[in-house]
Amino acid sequence: MKQSALTVPFVDLSWQHQPIQDDIQSALTAILNQGDFVMGQAVKQFESAFAEASGTQYGIGVGCGTDAIALGLTACGIGEGDEVLLPANTFVATLIGVLRSGATPIFVDCDRETALIDLTAAEAAITSRTRAIVPVHLYGQMVSPNELKTLATKHSLLIFEDAAQAHLAERDGIRAGAIGTAAAFSFYPSKNLGALGDGGMVLTQQALVAQTLRSLRNYGAVRKYFHTEPGGTNSRLDTLQAAVLKIKLPLLLGWNQARNRIAQHYDRQLFALKEFGISPIRNQSGTGHAYHLYVIRVTIDCPVDRTALQLTLQQRQIQTGIHYPVPCHLQPAFQFLNYLPGSFPVSETLSQEILSLPMYPGMTLEQADWVVSAISDAIHQSPILEKTAALH
Ligand SMILES: *Cc1c(COP(=O)(O)O)cnc(C)c1O
C-alpha cells in the first residue's frame, strides 16, 4: 500500500521555537526593562558560554558570520599582500570575508567524496606569500584537525576556520572553532544554532586576537572615543539575539544528535539507490558531524538528472536545495580574480551533482522515508531506466 502523502519542508524552525517560546519571551522582556540593547549582559554571558562549549578561551560576538571572517582575519594580522587558501566550493561569504580583510584569496579544489577542501591541493598552492588557510567545515563536517595542523605546522600557516555550518561539531576529539588561531561562526536563523535574525561570533584561544576584535567591532576603539584600529567598524551581536542564543545553546548537542539520527537513516535507506548513481556525501567524522545539511550526489549514472529529480520531489511537497550551484571562482562578481572554468574540476562537477535533502532536528524518520521513496520512484519511473531494462 502506498504511504499517505507527507509534506517535507527543507527546514522547519517552528518545532525548535515552540518549546522555548516562554523562555524567549521572558528573556526579551527582561532586556526591554534593562535597556542594555547593545553590548549588554547577555552578550558577555553567551560569548563565554559558546566559547566554553566549543573548547576555546574567548568568544567575541559580531553582527554576522561574514563579519566574523573579515574582522577575524584582520585581528589575526592577515591583510594586504597575504595569500589565503580557501575552498572553491563554499558559500560566497567565505570569499567575501577573505577579500574584505585585504588578503588575496587563493582557491583550492575539494575532495569528491567529502566535498571538503583537498589538503593535498592546498599544499600544492602554497607560495612564499601564503599566510593562512581558511578550512570550511562544509555541511557540518569538520576538515580533519590533525591533517590541518600537520599542514599548518609544516608551512607556518595560520588556521582560521569557517565554522558557520558546524556549531559544536567534533572530530579527532576537537570541537569546531578550537583547531587553529581563530574561527568564525554565523547565527543566521537556519544555521544549527540560529538567532532570530543575523548574528556571528569569532572564537579564539589568543588574548591579543580577542582584544583586537573587541575594538574592531566597536569602531576600532579601545575605550570610548579613543580609536586605535583603522579597520574598525560597527558590527556587534545584539543583546536580544545573544539572549535567545543563550537559551538555545544547551539544546544544541541534542539537536545535532537528532540530525545524526536522520542522516544515518537516510544513509541506510539510500544505500539501495547506490547502483542508480545516488551517492551521499561521505561522512568521515562519525557522530561528530553536525549535519547542517544532508547532501547527496546525483551522478551521471543516475537515470534521472538532478533538475528532473528536484522537480519530481517538489511535486510531492518535498523541498530540496543546492549548496552551492555555482562555485565561487565562477561567480560573475569575482571574475577579476581571473579563474577560468576548468580551474577546479571537482568543485565544478560537484556543483552539477549535489542535492541537499530536507534536514532539521524536528524531522521524523517517516519524513526521511518519504523523501527516499520519492527519489526511488523517480528513478524507477525514468524512461531511460525502462529502455535499458527492455534491452536485457
Ligand atoms: C552562513 C555562512 C557564512 C556567512 O554567515 P552570515 O551570518 O550569513 O554572514 C559564511 N560561511 C559559510 C560556510 C556559511 O554557511
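Residues numbered from 1 in each chain as written. Predicted model: local features only at pLDDT ≥ 70, side-chain atom pairs only at ≥ 80, totals over all residues. Heavy atoms only, no water.

Caption draft 1: Looking closely at empty space enclosed by the protein. Evaluated as defined, the whole model comprises three cavities of 30 Å³ or more. Approximately 90 Å³ is the volume attributed to the largest cavity. In terms of lining, the largest cavity is formed by 13 residues, of which the most central are N89, H323, Y324, S347 and I354. Per-element accounting of the lining of the largest cavity gives the leading share, three residues, to helix 12 (residues 345-353). For the lining of the largest cavity, a count of residues per class yields eight nonpolar, five polar and no charged. Of the residues that make up the lining of the largest cavity, three or more belong to each of domain 1 (14-250) and domain 2 (252-386). The volume enclosed by the second largest cavity comes to roughly 50 Å³. (1 Å grid on protein atoms, 1.4 Å probe; cavity = no way out; pocket = protein on both sides within 12 Å on 5 of 7 lines; lining within 4 Å. Points joined across faces, edges and corners; volume = space filled by probe spheres on them. Helix = DSSP H or I, 4+ residues; strand = E, 2+ residues; numbered from the N terminus. Nonpolar A, V, L, I, M, F, W, Y, C, P; charged D, E, K, R; others polar. Domains from an automatic or database assignment.)

Caption draft 2: Examining the packing of aromatic side chains more closely. Taken as a whole and assessed by the stated rule, the structure comprises twelve aromatic pairs. Consider the rings of Y266 and Y294, whose centres lie 4.5 Å apart with planes at 25°: the pair is stacked. Of this pair, Y266 sits in helix 10 (residues 252-270) while Y294 sits in strand 13 (residues 294-298), and the two are 28 residues apart along the sequence. Where Y339 meets F344, the ring centres are 5.4 Å apart and the plane angle is 50°; that geometry is what we call tilted. Classification of F344 as buried rests on a relative accessible area of 9%. (Phe/Tyr/Trp six-rings, centres within 6.5 Å; stacked < 30°, edge-to-face > 60°. Buried < 20%, exposed > 50% of the residue type's maximum accessible area, 1.4 Å probe, protein only.)

Caption draft 3: Fine view of the nonpolar core. With 121 residues, the main nonpolar core has F46, I133, F187, Y266, L270, I278 and I375 as its most contacted residues. Among the elements that line this core, the one with the most residues is helix 13 (residues 365-380), at eight residues. Two domains each put at least three residues into this core: domain 1 (14-250) and domain 2 (252-386). Excluding residues within four positions of it along the chain, Y266 makes contact with Y294, L357, P358, M363, A368, V371 and V372. (Core = buried A, V, L, I, M, F, W, Y, C linked by side-chain atoms within 4.5 Å. Contact = heavy atoms within 4.5 Å.)

Caption draft 4: View of the packing of helix 11 (residues 306-315) against helix 13. For the pair helix 11 and helix 13, interaxial distance at closest approach is 10 Å and the crossing angle is 130°. The angle between helix 11 and helix 13 falls in the class oblique. Read as a crossing pair, helix 11 and helix 13 show a hand that is right-handed. Residues L309, T312 and L313 of helix 11 form the contact with helix 13, whose participating residues are V371, A374, I375 and A378. Class assignment of the residues belonging to the contact of helix 11 with helix 13 gives a composition of six nonpolar, one polar and no charged. (Axes fitted to C-alpha atoms, helices over the stretch in contact; angles between N-to-C directions. Parallel < 35°, antiparallel > 145°, perpendicular 65-115°, else oblique. Left-handed = near helix turned anticlockwise from the far one by under 90°.)

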